[in-house]
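Structural overview for review
If you want the building blocks of each chain, they are given just below.
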Amino acid sequence: IFDNFPPRVVVRFGDSLSANCTSLSDQIEGMGWESPYGGVDLTQGVTSLPFKIDSVPEWEIGPMCYTNSRDGDQCTKLLPVTVYKMPDSVSLKNLRTVEEGQQFAIECDVVNVAPARNLSIVWHRGNKNLSSQTFDESSPSPVSKSSVLTLTAHRDDDGAEIWCEAKLNLWPQEQGPPPVRSEAHTLTVLSGEKMALNCNATGNPLPSYHWQFPQAAQETYKNQGVSHPIVTRPFEFPGVYTCTASNTQGTVTKYFTVNKPPGKFSSVNSLHFPSCYTLSSMSFFVSSLGIGPRAIVGIVIAVLVICIFVGICCKYKR
């Protein structure tokens, strides 16, 4: 009867490994270790024999202790070894602003971890564990794994931090390496309130439209080539939104300056006409939500003044 101590070994790739094989029988003639790394030849007259590897060079090794008894029998015992590697990185992907009630997914990427069969990816929101995923992976060498968390955005989630961590479930657990966690992503949940930017124009031939968004909005609003006159969405990025209406007779541009005060949206409109230039058979009507009566009156007066000025300018230039 003999045994290994410890009965199993968990070692980081490249670190040293040591164990001891001990027999409780007084009929042992000799002992040895079989292993391509650190093997020990048969040693006579001992009941305990150490085994050591200075630097574990493989992802899968299985050293075996053997004993020869005086009656010619041989017994063997395998030392289970788990070689591990913590991930190079743990990071979140698909991060974006979401609307209340919208379903969204965030991905956690774990790069070069081993063995993946012992890996758990745990999702957290603040101090709460949301879910955990394990993997059926046979390869002992490093691989990359990912986990996708799907949630529905609630108003109470606004400002909450979501993060993931990669944990290797090794033995003994209390001596295992600490988990590697990603950076936290702070959720931005829009309340669902939307604003429409109205850039409606009429003309002959029918005008076409082109929108340009502020630099900060371009990643979220990937479809930059909006070709319709009204854009409705939560404009969470303040800045200038530009609409250009054009036909073969010319071009007119409208600017929307969007501010985001706490709890509501507001917008201020301005018009730009090319100097001494008119669009034949083309009229331009603009409006947007959230503008009070005084602002509308001011815009009408400003447009009339601009039209008078443009007319005088063009008359003198002739």
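- An unreviewed UniProt entry lists the protein chain under the name Ig-like domain-containing protein, with Oreochromis aureus given as the organism.
- Reading the Subcellular location (unreviewed entry) entry of the UniProt record for the protein chain gives the comment "Membrane".
- The annotation that UniProt attaches to the protein chain under Sequence similarities (unreviewed entry) is "Belongs to the immunoglobulin superfamily. ICAM family."

Considering the state of the cysteines
- In the structure shown here, the tally under the stated rule is 3 disulfides.
- The disulfide partner of C21 is C65, and the gap between their sulfur atoms is 1.9 Å. Its torsion about the S-S bond being -80°, the disulfide of C21 and C65 is classed as left-handed. With C21 in strand β3 (residues 17–23) and C65 in strand β7 (residues 64–69), this residue pair connects regions lying 44 residues apart in the sequence.
- Look at C21 and you get buried, because its relative accessible area is 0%.
- We classify C65 as buried; its relative accessible area is 0%.
- Shown here is the disulfide that connects C108 with C164, its sulfur atoms set 2.0 Å apart.

Side note on the sheet that holds strand β8 (residues 74–78)
- Read from one edge to the other, the open sheet built from 4 strands follows the order β5-β4-β7-β8, with strand pairing classed as antiparallel. The sheet is open, and its two borders are formed by β5 (40–44) and β8, each paired with just one other strand. Ignoring which end each strand starts from, the neighbouring axes of this sheet average 15° apart.
- In terms of strand pairing, strand β4 (residues 28–34) meets β5 through 3 bridges, oriented antiparallel. The partner of M31 across the bridge, within β5, is T43.

So, the confidence of the model for the protein chain
- Residue-level pLDDT values for the protein chain average 81, and 76% of them are 70 or greater.
- For residues 261–293, every residue scores under 50 in pLDDT, and the model assigns this stretch 90 contacts once sequence neighbours within four places are set aside.

Comments concerning the environment of E58
- For E58, the position within the fold is in the loop between β6 (48–53) and β7.
- Sequence separation between E58 and G14 is 44 residues, and the spatial gap between their C-alpha atoms is 8.3 Å.
- In contact with E58, not counting residues within four places along its chain, are F13, Y37 and V83.
- A polar atom in the side chain of E58 sits 3.1 Å from the side chain of Y37.

Cut-offs and rules
One numbering rule holds for all chains: residues counted from 1, following each sequence as written. This being a predicted model, a pLDDT of at least 70 is required before a residue's local features are given, and a value of 80 or more before pairs of side-chain atoms are given or counted; all residues contribute to the totals for chains, interfaces and linings. Values reported for side chains reflect all heavy atoms of the structure, with hydrogen atoms and water molecules removed beforehand. UniProt positions are given in the numbering used here, feature names are shortened, and annotations may be inferred rather than shown by experiment. Working definition: a disulfide is two cysteine sulfur atoms within 2.5 Å of each other. Secondary structure is summarised from DSSP: a helix means a run of H or I of at least four residues, a strand means a run of E of at least two, and numbering begins at the N terminus for each. Burial classes: relative accessible area under 20% of the type maximum marks a residue as buried, over 50% as exposed, and values in between as partly exposed (1.4 Å probe, protein chains only). A pair of strands counts as paired when DSSP detects no fewer than two bridges linking them. Simply put, an axis is a line fit to the C-alpha atoms, just over the touching stretch for a helix, and the angle between two N-to-C directions goes from 0 to 180 degrees. Each residue carries a pLDDT score, the predictor's own confidence in it, on a scale running from 0 to 100. Contact definition: two residues touch when any of their heavy atoms are within 4.5 Å. Here a polar contact means two N or O atoms within 3.5 Å. Within protein one must be a hydrogen donor candidate and the other an acceptor candidate, and residues neighboring in sequence count only if both atoms are side-chain atoms.

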